[in-house]
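Reading the structure
Spelled out from the first residue to the last, the chains are:
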Amino acid sequence: MDPERKYIQRVASASEDAAVLERLGVKQELSRNFSLISMLGLAFAILNSWTALAASLSLALPSGGPSAVIWGLTLAGVCNLCLAASLAEFLSAYPTAGGQYHWAAIISWKSFSPVISFATGWINMAAWVCLTATGGLLGSQLIVGAIALFHDDYEAQPWHQFLIYVCYTLIALFINAFANRQLPYFTKAAFFWSLLGFAVISIAVLACSSPNYQSGKFVYGDFINNTGWPSGLAWLLGLLQGAFALTGFDATIHMIEEIPDPQRHGPRIMLACIGIGMFTGFVFLSCLLFVLKDVDVVIQSTAGPLLQILYDATENKAGAICLLIFPLVCMLFTTTSLMTTSSRMTYAFARDRGLPLSRIFAQVHPRLDVPLYALGWTTGWVILFGCIFLGSSSAFNAIVSASVVALGVTYAIPPTINCLRGRKMLPANRSFKLEGPLGWTLNLVGIAWTLVTSVLFVFPPEIDVTANNMNYCVVAFGVILGIAVLQWIIDGRKNYKGPHINLNTSTEGEGNEVHEAGAFTSTDSDQIKT
């Protein structure tokens, strides 16, 4: 195909995508710079499952042991695939960066639509801020562990980790603010770097440890409980590691206004990143557990579980650090991608007047082509969350739990409403469909997973609860809801009406009325059939 024809097709496609957004009540302001591969790179950089799983071994090894590490990932993967498939239906019908809160507004009952949408938006936005914090958290833990490996007398102080955490955050801010047009190349590099690191570390640890491996019975069946909780509950609490490593797949949703042909590409990317994450995570964790020497030493190591296993395998500190470079760089890619997505979620919600000073946070910088104030909002909160390090030894568990629980809640809200309304609230002409019993099954499994994990992940990691090891997830979640309620009373109930969309025009002319979100008549609802 000649260059001129390619250019004409690209312009026509961009115009069509902008028209779809316009019918959904949204103006195209951000450039569609991402390709299918670069967006998959961003989504996978955020999940970065093998890295996240390896860096968060401290969550599951003492709470279920290898069996929780391996099979917890499998269970979390299947359930997250159910949730992702459920949301993919919505994404193929309504491809906007608002995602869950936007969809909740569209399909909810008229009288409840604004408040349900508003609450969903606040929870989702806060969840992404918490998730952004985990990138710097994991990266700083790895660096502190590397120092501890070389210096036996080193005593890590909370402020040491805090400063490294802030550095990760500020680097991510700089890249997002001043290299926005290069982000697609950045995320492609993240994807291939992650896959390279997965392959290199897996091969290296197996080769260095040969033939001294743990048994298959240990890797896939050993159980450990150092928490004090009953064995069954301890294993379930260990699911947090797998759930954390596979959460954040809605990044594709909040970046959907920056890729072409979003109705088709979006669902594929979202499901693909979970599938790749499950495969790489399962293989990588198996490799680590096969070469692990003493599980108690790994759990208690001041260098951290991952670095201790790498050292056990290579029997060389320099070699272990060389391998650690891969996850260290991955965490920088992850932190940057998390901040990108969080800022887009903030921007979308402010665009619908869901935040204080919404007009400011909804602005796109004309020269940098990025929602600069939304980036500042995310950065400010992330640094504030980092201050928790200075007062709680279980801050990591709390922030991870808060992000997993809050995101899970927003994943479940649209399919829950759709199920309550007979799964009849999506347009028939959407590109991704879950037909009949399959749709019901995937929806209900995903909703059940959210209910179970929302209860489990607010438990403290140990039964002997103190002020230091308390799981403050429930406090964080309560603060989020408190701020949302206050904002609703002060401003939201007057000014927030949810997205305004030409619903029927967006579903290939099934009608010609322009609707405000949630303001459906019975006739309108009857027209939207699966």
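Here, every reference points to the structure presented above.
As the structure is a computational prediction, the values presented were derived from the model and not from experiment.

1. Details of the environment of aspartate 294
By the element assignment, aspartate 294 lies in the loop between α14 (262-291) and α15 (295-300). Judged by relative accessible area, aspartate 294 falls into the partly exposed class, the value being 36%. Remark: the alpha-carbon pair of aspartate 294 and glutamine 308, spanning 14 residues in sequence, is separated by 9.8 Å. A polar atom in the side chain of aspartate 294 sits 3.0 Å from the backbone nitrogen of aspartate 296.

2. Comments concerning empty space enclosed by the protein
On inspection of all chains with the given rule, the structure shows two cavities of 30 Å³ or more. For the largest cavity, the calculated volume is near 90 Å³. Forming the boundary of the largest cavity are 13 residues, of which Ile46, Leu47, Thr134, Phe244 and Thr334 lie nearest the centre. Those elements giving two or more residues to the lining of the largest cavity turn out to be α2 (36-47), α7 (113-150) and α17 (317-351). It is α7 that provides the largest number of residues to the lining of the largest cavity, a total of four residues.

3. Brief notes about the pattern of salt bridges
Here the structure, examined in full by the defined rule, presents six salt bridges. Taking the shortest distance from any N to any O, the salt bridge between arginine 264 and aspartate 261 comes out at 2.6 Å. Exposure remark for arginine 264: the relative accessible area of 36% places this residue in the partly exposed category. With a closest N to O distance of 2.7 Å, lysine 293 and glutamate 315 form a salt bridge. You can see lysine 293 sitting in the loop between α14 and α15 and its partner glutamate 315 sitting in the loop between α16 (305-314) and α17, a full 22 residues away along the chain. Lysine 293 gets classed as partly exposed once you look at its relative accessible area, which sits at 48%. Classification of glutamate 315 by relative accessible area gives exposed; the value is 58%.

Cut-offs applied
Residues numbered from 1 in each chain as written. Predicted model: local features only at pLDDT ≥ 70, side-chain atom pairs only at ≥ 80, totals over all residues. Heavy atoms only, no water. Helix = DSSP H or I, 4+ residues; strand = E, 2+ residues; numbered from the N terminus. Buried < 20%, exposed > 50% of the residue type's maximum accessible area, 1.4 Å probe, protein only. Polar contact = N/O pair within 3.5 Å; in protein donor to acceptor, adjacent residues only side chain to side chain. 1 Å grid on protein atoms, 1.4 Å probe; cavity = no way out; pocket = protein on both sides within 12 Å on 5 of 7 lines; lining within 4 Å. Points joined across faces, edges and corners; volume = space filled by probe spheres on them. Salt bridge = Lys/Arg side-chain N within 4 Å of Asp/Glu carboxyl O.

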